[in-house]
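# Geometric and topological summary
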Amino acid sequence: MKFFHTFFFMVLFSSSLWAYQSTEIKEFMNAESAECGSGVPLFSESDESPTVRNLLAWSLARQTVGKTEKYRILSAELEDDKNLEESDDIDLMLSAAELMFDIVYCSRLSEKISYGKKSKKLFERVLSLQPDNVSAMLGLGIGFLHTPAIFGGSNEKALEWFLKAQAAAVEPYERYAADVWLSQYYFKIDDEQNYRLFVDKAKTLFPNGYLLNQALERNENERKPL
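Owing to the predicted nature of the structure, the values given are computational and were not obtained by experimental measurement. (Residues numbered from 1 in each chain as written. Predicted model: local features only at pLDDT ≥ 70, side-chain atom pairs only at ≥ 80, totals over all residues. Heavy atoms only, no water.)

## Brief notes about the overall build of the chain
- When you go through the chain residue by residue, the secondary structure sums to eleven helices and zero strands.
- The order of α-helices and β-strands along the chain, N terminus first, is α-α-α-α-α-α-α-α-α-α-α.
- Taking as baseline every contact in the chain between residues at least 6 positions apart, the subset at least 24 positions apart corresponds to 67%.
- For the chain, the exposed surface amounts to about 10,800 Å²; the carbon and sulfur share of it is 52%. (Helix = DSSP H or I, 4+ residues; strand = E, 2+ residues; numbered from the N terminus. Contact = heavy atoms within 4.5 Å. Areas by Shrake-Rupley, 256 points an atom, 1.4 Å probe, with all protein chains shown as cover.)

## A word on helix α9 (residues 172-188)
- Here α9 is 17 residues long and its end C-alpha atoms lie 24 Å apart, about the 24 Å a rise of 1.5 Å per residue gives.
- By the criterion of burial, α9 is predominantly enclosed, with 14 of the 17 residues buried.
- The positive-phi residue at the C-terminal boundary of α9 is D190, with phi of around 60°. (Expected span 1.5 Å × (residues − 1). Buried < 20%, exposed > 50% of the residue type's maximum accessible area, 1.4 Å probe, protein only.)

## Thoughts on the side chain of D179
- By secondary structure assignment, the location of D179 is in helix α9.
- Buried charge without a partner: D179 forms no salt bridge, and the closest opposite charge is K201, 4.5 Å away.
- Among the polar contacts made by the side chain of D179, one reaches the side chain of Q166 at a distance of 3.4 Å.
- The contacts of D179, once residues within four sequence positions are left out, are Q166, F198, K201, A202 and L205. (Lys, Arg positive; Asp, Glu negative; His and termini not counted. Salt bridge = Lys/Arg side-chain N within 4 Å of Asp/Glu carboxyl O. Polar contact = N/O pair within 3.5 Å; in protein donor to acceptor, adjacent residues only side chain to side chain.)

## Regarding helix α7 (residues 134-146)
- Spanning 13 residues, α7 covers 19 Å between terminal C-alpha atoms, matching the ideal 18 Å at 1.5 Å per step.
- Across the 13 residues that make up α7, a large majority, twelve, are buried.
- Buried within α7 are the following residues: V134, S135, A136, M137, L138, G139, G141, I142, G143, F144, L145 and H146.

## Some points on the packing of aromatic side chains
- Summed over the entire model, instances satisfying the criterion amount to five aromatic pairs.
- Taking 5.0 Å as the distance between ring centres and 75° as the angle between the ring planes, the aromatic pair formed by Y176 and F206 counts as edge-to-face. One end of the pair, Y176, is in helix α9; the other, F206, is in the loop between α10 (192-205) and α11 (210-222), with 30 residues separating them in the sequence.
- An angle of 5° between the planes, with centres 5.7 Å apart, marks the rings of Y186 and F198 as stacked. Taken together, the residues Y186 in helix α9 and F198 in helix α10 connect sequence positions twelve residues apart. As far as the burial class goes, Y186 and F198 line up, both buried.
- Members of the aromatic cluster, joined through ring pairs, are Y185, Y186 and F198.
- Above the face of the Y210 ring, R62 is positioned so that its terminal group lies 3.9 Å from the ring centre.
- Taking the ring centre of W161 as reference, the NZ or CZ of K164 above it sits at 4.6 Å. (Phe/Tyr/Trp six-rings, centres within 6.5 Å; stacked < 30°, edge-to-face > 60°. Lys NZ or Arg CZ within 6 Å of the ring centre and 35° of its normal.)

Next comes the structure, spelled out in structure tokens:
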């Protein structure tokens, strides 16, 4: 089970999963999901809250090609996020989790494990405050999808969580993420018909969406789910 938790958070790709509370942040996430870094509404110039700083750093890192520069951007912002595990601010915790999930893919092994554990604690804290959070449902599904069965993975449980997330999703970026991950489940089990169905559903929401483009590239070039 310990391996499952570590592996679970190391396989996650940043995917705009989170169910934020602020209307302004929801608009930001919808814009980011539609097309990375394009047409994203600006926050108020006077807003220098940790949540906004996290999200702007996350967006900038996604547009940055080199891993070294990505790491610099993400780690610099994470250094300022303290005592998050005791917070009641869902938006702050989720914005920090976005940074942590991305930094896993441009850091050393020790940091991957460390940030994976920190992300897990934030994730559990958010879930305790908001049991129907779409991110929790999708996150669990992704973990089950990518973890080998011998360590607790299960395609069937992944599908169960993805369907629950789809049913609970309200915002376009939430519905989009649910459709993308359902497409990845069907890709993994070689169900071409349903794979195409959910790819098309995701494209209907965001034709040039960052997450789906990332998934399709990996599906085609590596023959693996996102």
